[in-house]
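What follows is the residue order along each chain.
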Protein chains: 2
Amino acid sequence: MSEARNKAIAAGTATAALNNLTTAQKNEALALMADALVANRDDIIAGNVIDIERGRAGGTSESLLDRLRLDDKRIEAIAQGLREVIALPDPVGETIAAFERPNGLRIEQLRVPIGVVGIIYEARPNVTVDAAGLCLKTGNAVVLRGGSAALESNKRIVAALRGSLRQSAVPEDALQLVEDASRASANEMLKLNGLLDVIIPRGGAALIRNVVENATVPVIETGAGICHTYVDATADYDMAEAIALNAKIQRPSVCNSMETLLIHADFAGKHLERLADSFRRASVELRADAAARARVSWAIEATDEDYATEYNDFILNVRVVGDLDEALAHIARFGTKHSECIVTEDQANADRFLQEVDAAAVYHNASTRFTDGFEFGFGAEIGISTQKLHARGPMGLPALTSTKYRIRGNGQTRG
Amino acid sequence: MSEARNKAIAAGTATAALNNLTTAQKNEALALMADALVANRDDIIAGNVIDIERGRAGGTSESLLDRLRLDDKRIEAIAQGLREVIALPDPVGETIAAFERPNGLRIEQLRVPIGVVGIIYEARPNVTVDAAGLCLKTGNAVVLRGGSAALESNKRIVAALRGSLRQSAVPEDALQLVEDASRASANEMLKLNGLLDVIIPRGGAALIRNVVENATVPVIETGAGICHTYVDATADYDMAEAIALNAKIQRPSVCNSMETLLIHADFAGKHLERLADSFRRASVELRADAAARARVSWAIEATDEDYATEYNDFILNVRVVGDLDEALAHIARFGTKHSECIVTEDQANADRFLQEVDAAAVYHNASTRFTDGFEFGFGAEIGISTQKLHARGPMGLPALTSTKYRIRGNGQTRG
């Protein structure tokens, strides 16, 4: 039997005990996990050095190596993240609804753990700890399958975390790392119906597409974001510039950054050159439609393929539109229903945009970069869901729960 | 291009208008739909006769033909079902959460339609109307793909409903019937990511398994139920008998009926013969373990395969267990996490059962047959979810909605 299946089964054996834990017991485990990370940091960093050296020898880019790298400070920050999860309210056990039927049945709907959560991700060892902490806080067992580039780091992190669980009420088997980091192990996980209750992919577009296309286990899709900012005719210039620049350059590599700027023709007529200069000073390459290039000669021509691309880079599409309808149509065609923004002083247009745009998060006069569990005040985030079922947008702890109905009677039968 | 894809695209063109409808406009459409069904009943019944005759010529069983059959009374009942949906509260637009962040961002989470819902089902023409009504009430477009055995009925029903929508604010294209009832059309629907937001299968185990195994579109799994009733040592005999009989025979063909009766050895020692006689009088075949057969000679031997079978028939497994732990272990091994019941006068055992059994609905002293949207007071039901994501148990109108975040700022950017 394969490692992935074995470990999913092992995780399943922990769910009954996890379901019965108190919040205090789970928090105690999280504190032990945080301490163990710091106490074992030399071993973890030694493993990380192996990963980094193998990656460098294999030609991994410096930016990817930087995401992979662990040092004392980063390990302390990751441990601190676990400690912050302790302070969050535990959603498990919450009564969502309670009512009595005319026949006397008393029905309650409660939040319960999902069961066994599979996480498939890439070479970011912080995800190993974050996901483990959020899953255990919500009473879930977790099967982690990280990328091969971080394998030695992940093995040592999980060994430290599992070791710490031995001193807690959380069964060690609640936390599993699949060490076979081949594509085959990921693909096998995708079919473990009955052993995994959900798979959450965390990573780039190719990873997520593979999960969505091949999973028979339910998936919470995360990540892809082609986000737009629409600058309306009445937008305040300074606000529009600040929001658009922030949405593009504050962190271009993430899913809630802007890929396309839509500008009302009236605003473009007055301000496009100045706005384009601001992007040029920020080293942003512009790809623009004909109307925009008429004013910004250095921009290159934007194609439909550009409008459909998530650059995650210092590249921006610019398109001039005649009215709000044209902006809405562009977003409906090219958007990925992640985060969309209108900058306007016109309340009716703002309301229409907020109502009509179909996306996880729609903004009036604020940067799309705020679509984030921490920025929303959830205190933690297992990802940003881009699907419409179960959870949409930033997912806090409740997204890692299911529900069950508890019904108390005194002999009722159905007539 | 195929019919299924074309109709999913057509349904998608209706979503923007659907999203902007008022509750009154949607209710008006539902009333028109109900009237149109009744007004066109002769045409619909003429189509149904064609289906029935083709089915009978093809050797379809009388019980399946009965599910397929429409007459004046049944059409009136189906129309009445639509009228009852009018009275239900519209979940769309509901504010689920509203909060302000320290930076002044005002964040609201709202209920919105899912978008385009695909329903794949068998030869029950009432599902055509029920699903259309529930989807339209929640502002969703719907692509229906019913079984070939009901095709002529479904075509005439949908023609009547679409005709009635022409007099309403609901776009006719919101309601689509895929007339190609081949397996290929269903399998194509399963891959229409980006065109269908969710697929809900309604039907037997084979249909549901095909959907779960082949869909890349998110699925809400419904239906399969191997439900247990555990009669504890302290159970009241009359209550236990009434609940167990009701769970088995009130309607054996449905997912919330009982397949296996677990009996504490003490209760079995006192009452098993009498209880078995009650099932015999109700024409229920018993398949039992050795301990039960020692007392009930006419029962045949139960195998692990029997324990894992959803009979949907007048057949019942009976197993004697030594204690609650053994009952919980049996349910964990063979249950499908649908509906489970304990009959007991021991409050501690009841509480433990309600806490520890992992199922959509767990009962103390009431029949599992109550797991049903109408019985729960939801007024309607699109199905009973047996998965843990999005919705679990009976699904009322909110299960047909998604959410979105609406964020209002005054120039906020992320630091």
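These figures come from a predicted structure and were not determined experimentally. (Residues numbered from 1 in each chain as written. Chains lettered and ligands numbered in written order. Predicted model: local features only at pLDDT ≥ 70, side-chain atom pairs only at ≥ 80, totals over all residues. Heavy atoms only, no water.)

1. A few points about the overall build of chain A
And then number 1: When you go through chain A residue by residue, the secondary structure sums to 16 helices and 16 strands.
And then number 2: Here the C-alpha atoms of chain A give a radius of gyration of 24 Å, agreeing with the 22 Å that 2.2 N^0.38 yields for 415 residues.
And then number 3: Considered along the principal axes of its C-alpha atoms, chain A spans approximately 70 × 70 × 35 Å.
And then number 4: The 415 residues of chain A split such that 57% are buried.
And then number 5: Pairs at least 24 apart in sequence give 71% of the contacts found in chain A among residues at least 6 apart.
And then number 6: Each charge class in chain A was averaged separately, 45 positive and 56 negative side chains, and the resulting centres sit 5 Å apart. (Helix = DSSP H or I, 4+ residues; strand = E, 2+ residues; numbered from the N terminus. Rg over C-alpha atoms; globule rule 2.2 N^0.38 Å. Buried < 20%, exposed > 50% of the residue type's maximum accessible area, 1.4 Å probe, protein only. Contact = heavy atoms within 4.5 Å. Lys, Arg positive; Asp, Glu negative; His and termini not counted. Charge placed at Lys NZ, Arg CZ, Asp CG, Glu CD.)

2. Here's the deal with the UniProt feature "domain: Aldehyde dehydrogenase" (unreviewed entry) in chain A
And then number 1: Residues annotated by UniProt as "domain: Aldehyde dehydrogenase" (unreviewed entry) correspond here to residues 9-286 of chain A.
And then number 2: Measuring from the first to the last C-alpha atom of residues 9-286 of chain A gives 51 Å, for a span that is 51% helix and 17% strand. (UniProt positions renumbered as here; feature names shortened; annotations may be inferred.)

3. Observations regarding helix α7 (residues 125-137) of chain A
At 3.6 residues per turn, the α-helix brings residues three or four places apart onto the same side.
All names here are of chain A.
And then number 1: In this model, α7 (13 residues) spans 19 Å end to end at C-alpha, consistent with the 18 Å of a helix rising 1.5 Å per residue.
And then number 2: The buried fraction of α7 amounts to 11 of the 13 residues, a majority that puts the element mostly inside the structure.
And then number 3: Taken residue by residue, α7 has P125, V127, T128, V129, A131, A132, G133, L134, C135, L136 and K137 as its buried positions.
And then number 4: In the segment just after α7, G139 is the residue with positive phi, at about 75°. (Expected span 1.5 Å × (residues − 1).)

4. Topic: the relation of the copies chain B and chain A
And then number 1: Under the fitted operation, chain B is carried onto chain A by 0.0 Å of movement along the axis and a turn of 180°, and the coordinates agree to an RMSD of 0.0 Å. Taken together, these values place the two copies in the relation of a two-fold axis. Among all residues of chain B, the minimum C-alpha distance to the rotation axis is found for H390 of chain B, at 1.7 Å.
And then number 2: Of the interface residues in chain B, 100% have counterparts in chain A that sit at the interface too, so the contact is made through matching surfaces. (Least-squares fit on C-alpha atoms with pLDDT ≥ 70 in both.)

5. Considerations on the pairing of strand β11 (residues 315-321) of chain A
Residues and elements named next belong to chain A.
And then number 1: Taken across its seven residues, β11 has six buried, putting it largely inside the fold.
And then number 2: Alignment of strand β8 (residues 258-264) against β11, held across five bridges, turns out to be parallel. Each residue of the ladder has a partner; that of T260, found in β11, is N317.
And then number 3: Where strand β9 (residues 285-288) and β11 come together, four bridges link them in parallel fashion. The residue of β11 that forms the bridge with L286 is L316. (Pairing = 2+ DSSP bridges.)

6. What about the packing of aromatic side chains?
And then number 1: Within the structure shown, the criterion is met by 12 aromatic pairs over all chains.
And then number 2: Relative to F376 of chain B, the ring of Y405 of chain A lies with its centre 5.0 Å away and its plane at 80°, an arrangement referred to as edge-to-face. A residue pair is termed interchain when its members come from two chains, as with Y405 of chain A in strand β16 (residues 401-412) and F376 of chain B in the loop between β13 (361-366) and β14 (383-385). For the residue pair Y405 of chain A and F376 of chain B, the accessibility class agrees, reading buried in each case.
And then number 3: Where F376 of chain B meets F378 of chain B, the ring centres are 5.9 Å apart and the plane angle is 80°; that geometry is what we call edge-to-face.
And then number 4: When its relative accessible area of 2% is taken as the criterion, F376 of chain B is described as buried.
And then number 5: The class of F378 of chain B is partly exposed, set by a relative accessible area of 23%.
And then number 6: Among the aromatic residues, ring-to-ring pairing joins F99 and Y405 of chain A together with F376 and F378 of chain B into one connected group. (Phe/Tyr/Trp six-rings, centres within 6.5 Å; stacked < 30°, edge-to-face > 60°.)

7. As for the domain arrangement of chain A
Residue and element names in this part refer to chain A.
And then number 1: Splitting chain A by domain gives domain 1 (3-221 + 387-408) and domain 2 (227-370).
And then number 2: Spacing between the C-alpha centres of domain 1 and domain 2 amounts to 35 Å.
And then number 3: Taken over both partners, the interface formed by domain 1 and domain 2 buries close to 380 Å², and the fraction arising from carbon and sulfur atoms is 35%.
And then number 4: Contact with domain 2 buries area across many residues of domain 1, yet R67, K388 and R392 alone supply 75% of it, more than any other trio.
And then number 5: Linking domain 1 with domain 2 are two salt bridges, by the criterion used here.
And then number 6: Counting the contacts that link domain 1 with domain 2 gives two residue pairs in polar contact (both at pLDDT 80 or more).
And then number 7: Its residues placed into classes, the side of domain 1 that touches domain 2 shows no nonpolar, one polar and four charged. (Domains from an automatic or database assignment. Buried area = accessible area lost by both parts, 1.4 Å probe. Salt bridge = Lys/Arg side-chain N within 4 Å of Asp/Glu carboxyl O. Polar contact = N/O pair within 3.5 Å; in protein donor to acceptor, adjacent residues only side chain to side chain. Nonpolar A, V, L, I, M, F, W, Y, C, P; charged D, E, K, R; others polar.)

8. Quick word on the state of the cysteines
Residues and elements named next belong to chain A.
And then number 1: Overall, the coordinates contain zero disulfides over all chains when judged by the stated rule.
And then number 2: A disulfide-free cysteine, C255 has its sulfur positioned 6.9 Å from the sulfur of C227, the nearest such atom.
And then number 3: Using a relative accessible area of 17% as the deciding quantity, one classes C255 as buried.
And then number 4: Free cysteine C341: the closest other cysteine sulfur is in C227, separated by 10 Å.
And then number 5: Among the residues examined, C341 registers a relative accessible area of 0% and is labelled buried. (Disulfide = S-S within 2.5 Å.)

9. Description of the pattern of salt bridges
And then number 1: Summed over all chains, the structure comprises 68 salt bridges over all chains.
And then number 2: With its nearest N and O atoms 3.3 Å apart, the salt bridge here joins E375 of chain B to R414 of chain A. Of this pair, E375 of chain B sits in the loop between β13 and β14 while R414 of chain A sits in the segment after β16, on two different chains.
And then number 3: Shared partners join several salt bridges into a network, and the residues in it are D197 of chain A together with K337, D358, K388 and R392 of chain B.

10. Structural notes on the interface of chain B and chain A
And then number 1: Taken together, the 69 residues of chain B in the interface contact 69 residues of chain A.
And then number 2: Taken over both partners, the interface formed by chain B and chain A buries close to 5700 Å², and the fraction arising from carbon and sulfur atoms is 50%.
And then number 3: When residues of chain B are sorted by the area they lose upon contact with chain A, L389, Y405 and R414 of chain B head the list and together hold 15% of the total.
And then number 4: Joining chain B to chain A, the criterion identifies eight salt bridges.
And then number 5: Notably, a salt bridge pairs R414 of chain A with D372 of chain B, separated by 3.7 Å at the nearest N-O pair.
And then number 6: Counting across the interface, chain B meets chain A through 47 residue pairs in polar contact (both at pLDDT 80 or more).
And then number 7: Counting residues per element, the ones that place at least two in the side of chain B that touches chain A are β2 (106-113), α10 (205-214), α11 (237-249), α16 (347-356), β13 and β16 (401-412) of chain B.
And then number 8: Of all the elements, β16 of chain B adds the most residues to the side of chain B that touches chain A, at 11 residues.
And then number 9: Its residues assigned to classes, the side of chain B that touches chain A comprises 30 nonpolar, 24 polar and 15 charged.

11. Looking at helix α16 (residues 347-356) of chain A
And then number 1: Buried residues of α16 of chain A: A350, F353 and L354 of chain A, and no others. End-on, the buried residues of α16 of chain A take up no more than an arc of 95°, which puts them together on one face.
And then number 2: Elements in contact with the buried residues of α16 of chain A: β7 (227-231), α15 (324-334), β12 (339-343) and β13 (361-366) of chain A together with β16 of chain B.
And then number 3: Backbone nitrogen of A348 of chain A and a side-chain oxygen of the N-cap are separated by 3.0 Å at the start of α16 of chain A; the cap is D346 of chain A. (Arc of directions from axis to C-beta.)

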